[in-house]
Amino acid sequence: MALKDYKKDMVRCARCSVCKFIPLSSIIKSWRFAYGCPAIARYHFHSYSAGGKLILALSLLEGRITPSPKLRDVVYACTLCGLCDHACKIGTDMEVLEILHEFRVHLVEKGEGPLEAHRPIIESIKNYGNVWMQPRARRERWAKDLDVKILDGKKVKADVLYYVGCTYSYDPELQRVAINTARIFQTAGVDFGILGRNEVCCVSPAYMVGVTSLFEEVGRANIELFNELGVETVVTSCAGCYSMFKSKYPRLGVKMNFEVKHTVQVFYELLQKGKLSPARWNGGQVTYHDPCHLGRLGERREPSHGREKYVLGTMPVKEIPKAMGAKGICDEPRALLDALGAEGKEMERRREYAWCCGAGGGVKTGVPDLASFASGERIQEAVSTGAGVLVTACPWCEKNLQDAVEQARAGLRILDITDVITGGEV
Ligand code: SF4
Ligand code: SF4
């Protein structure tokens, strides 16, 4: 569905500014942490908010403004975190997040997007199959000392494909999460394998910045590859990959013969079945940061494609039920931490109201100033809980929050949930 197809929603925008804040007064605990949108909190100018971007999109479609470098900078100064969409949907059924994304697709089609900083990433996906310009063969190196199957769908098969993702495969600091995960699966007796050098980027970075052609090409090839393996489930540790497989790949029109899960869901299932015997946590109080793509965007989302029905013959509502974000993966990580004996200290903005870490939507690469503002805010919120450890389940969140801790010299440890489960070793 193109940007112009959402014109009705742009016109319906009431300019109410609800999309800037945590939407319900019962959730807001303080002015300090009342903002929901990182872009408006950083730039304090209406055009940077979701409502402001809807006005810009309408103005562009109606010819009142023309594409310009400034317009492009405003459109890409957004993490696509979806808080605005969730806030707006409390009173409407508008597709705010779809519009923000389609705005980027529109600019790319007009030759005005993405940002220059995004172009090397797009080229890297095309040339190397990953976002880090790394040789394909190096993708499996993290697993060299582990007895992990490399699946081919013919001789080597498994029930579960562990899709590792670019960052956990290549980043020297983050490879430990893939190692932790493989060890947890091995200890619990999960029949799993990886794709090794044949794994290709989930293509989220291209989708997020509006390069749809690459998303369609690589996304379809990935679905076909997963189907050929004959696996029952594709499990990933990365919140971004999870959201792509769960919500965006089904739009590509290729039948997916497998279920999609994030590792925290699998760990939780293993815990319930008594197959996970986590080490008792003795590292002090922890606070959990909900990655946007696991929390409010972890719920399956489908665009309405503009279809409407009329209630009482007069009131138009979207045919597809609204995705409100409350059915994402928020309970499982908390239940795991609880089972480990980790005393949880909740941040004010949590679950579907969580504050974005600032890395998503191409912002870490393209708008570093916004990325570090958002992560700095999150670190201050985490520190305000009194916890000494922030736990998350996404490589981008971990990287960006770790950068903020180092910048602020804050006394906070950033860990992945697998670090807590393994207690450093399985
Ligand atoms: S996008 Fe939604 S919440 Fe934001 S100003 Fe428009 S109607 Fe209000
Ligand atoms: S997606 Fe996030 S950063 Fe972008 S406008 Fe909405 S709340 Fe703000």
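Residues numbered from 1 in each chain as written. Chains lettered and ligands numbered in written order. Predicted model: local features only at pLDDT ≥ 70, side-chain atom pairs only at ≥ 80, totals over all residues. Heavy atoms only, no water.

All right, on to the sheet that holds strand 2 (residues 160–163) then. Across the sheet, 5 strands lie side by side as 1-3-2-4-5; this open sheet has parallel pairing. Edge positions in the sheet fall to strand 1 (149–150) and strand 5 (259–262), since each has one partner strand and no second. The pairing of strand 2 with strand 3 (residues 192–194) spans 2 bridges and is parallel. What sits directly across from Val160, in strand 3, is Phe192. (Pairing = 2+ DSSP bridges. Helix = DSSP H or I, 4+ residues; strand = E, 2+ residues; numbered from the N terminus.)

This next bit is on the site of ligand 1. As a structural note, the neighbourhood of ligand 1 is formed by Cys13, Ala14, Arg15, Cys16, Ser17, Val18, Cys19, Gly51 and Cys88. Of the residues assigned to the shell around ligand 1, the class counts are 6 nonpolar, 2 polar and 1 charged. (Near = heavy atom within 4 Å. Nonpolar A, V, L, I, M, F, W, Y, C, P; charged D, E, K, R; others polar.)

The residue Ser49 is located in the loop between helix 2 (38–43) and helix 3 (50–61) in this model. Here Ser49 falls in the buried class, since its relative accessible area comes to 1%. Of note is the side chain of Ser49, whose polar atom sits 2.7 Å from the backbone oxygen of His46. Setting aside residues up to four positions removed in sequence, Ser49 forms contacts with Lys20 and Ile40. (Buried < 20%, exposed > 50% of the residue type's maximum accessible area, 1.4 Å probe, protein only. Polar contact = N/O pair within 3.5 Å; in protein donor to acceptor, adjacent residues only side chain to side chain. Contact = heavy atoms within 4.5 Å.)

Here the focus is the packing of aromatic side chains. Evaluated as defined, the whole model comprises 15 aromatic pairs. For the ring pair Phe185 and Phe192, a centre distance of 5.3 Å and an interplane angle of 70° mean the geometry is edge-to-face. Note on accessibility: Phe185 and Phe192 belong to one class, buried. Site record: aromatic cluster; members linked through ring pairs are Tyr163, Tyr207, Phe215, Phe226, Phe245, Tyr249 and Phe258. (Phe/Tyr/Trp six-rings, centres within 6.5 Å; stacked < 30°, edge-to-face > 60°.)

So, about the nonpolar core. In terms of nonpolar packing, the biggest core is built from 133 residues, with Phe103, Trp142, Val203, Phe245, Tyr249 and Leu337 touching the most fellow members. Apart from residues lying up to four places away in sequence, Val203 is in contact with Ile125, Leu214, Phe215, Val218, Gly219, Met244 and Tyr249. (Core = buried A, V, L, I, M, F, W, Y, C linked by side-chain atoms within 4.5 Å.)

Attention now moves to the sheet that holds strand 6 (residues 286–288). Pairing within the open sheet is parallel, and its 3 strands lie in the order 6-9-10. The sheet is open, and its two borders are formed by strand 6 and strand 10 (413–416), each paired with just one other strand. If you compare each strand with its neighbour and ignore which way they point, the axes differ by 30° on average. Pairing analysis gives 3 bridges linking strand 6 to strand 9 (residues 389–392), with the strands arranged parallel. Bridge pairing in strand 9 links Thr287 to Leu390. (Axes fitted to C-alpha atoms, helices over the stretch in contact; angles between N-to-C directions.)

In this section: helix 12 (residues 239–248). Most of helix 12 is tucked away: 9 of the 10 residues are buried. Within helix 12, the full set of buried residues consists of Ala239, Gly240, Cys241, Tyr242, Ser243, Met244, Phe245, Ser247 and Lys248.

The subject of this paragraph is the pattern of salt bridges. Scanning all chains against the criterion turns up 28 salt bridges. The closest approach of N and O atoms between Lys7 and Glu62, which form a salt bridge, is 3.6 Å. Of this pair, Lys7 sits in helix 1 (residues 7–12) while Glu62 sits in the loop between helix 3 and helix 4 (69–76), and the two are 55 residues apart along the sequence. For Lys7, a relative accessible area of 31% translates into the label partly exposed. The partner of Arg334 in a salt bridge is Asp290, and the shortest N-O contact between them spans 2.7 Å. Separated by 44 residues along the polypeptide, Arg334 in helix 14 (residues 331–339) and Asp290 in the loop between strand 6 and strand 7 (308–311) bring together distant segments of the chain. Like Arg334, the residue Asp290 is buried in the burial classification. Through salt bridges with shared partners, one network takes in Arg32, Arg349, Glu377, Arg378 and Glu381. (Salt bridge = Lys/Arg side-chain N within 4 Å of Asp/Glu carboxyl O.)

All right, on to the site of ligand 2 then. Around ligand 2, the surrounding shell consists of Cys37, Pro38, Ala50, Cys78, Thr79, Leu80, Cys81, Gly82, Leu83, Cys84 and Leu100. By residue class, the composition of the shell around ligand 2 is 9 nonpolar, 2 polar and no charged.

A few words on the domain arrangement of the protein chain. Domains assigned within the protein chain are domain 1 (1–113), domain 2 (117–272) and domain 3 (278–294 + 329–426). In this structure, domain 1 and domain 3 have C-alpha centres spaced 26 Å apart. Taken together, the contact between domain 1 and domain 3 spans 25 residues of the former and 21 residues of the latter. Between domain 1 and domain 3, a total of about 2000 Å² is buried, with carbon and sulfur atoms accounting for 63% of that surface. Looking at the side of domain 1 facing domain 3, the largest losses of area belong to Phe33, Arg42 and Thr79, adding up to 31% of the total buried there. Our count for the domain 1 to domain 3 interface comes out at 2 salt bridges. A salt bridge links Arg42 to Asp369, with the shortest nitrogen-to-oxygen separation between them at 3.1 Å. In this structure, the connection of domain 1 to domain 3 is made through 8 residue pairs in polar contact (both at pLDDT 80 or more). Taken together, the elements giving at least two residues each to the side of domain 1 that touches domain 3 come down to helix 2 and helix 5 (83–89). (Domains from an automatic or database assignment. Buried area = accessible area lost by both parts, 1.4 Å probe.)

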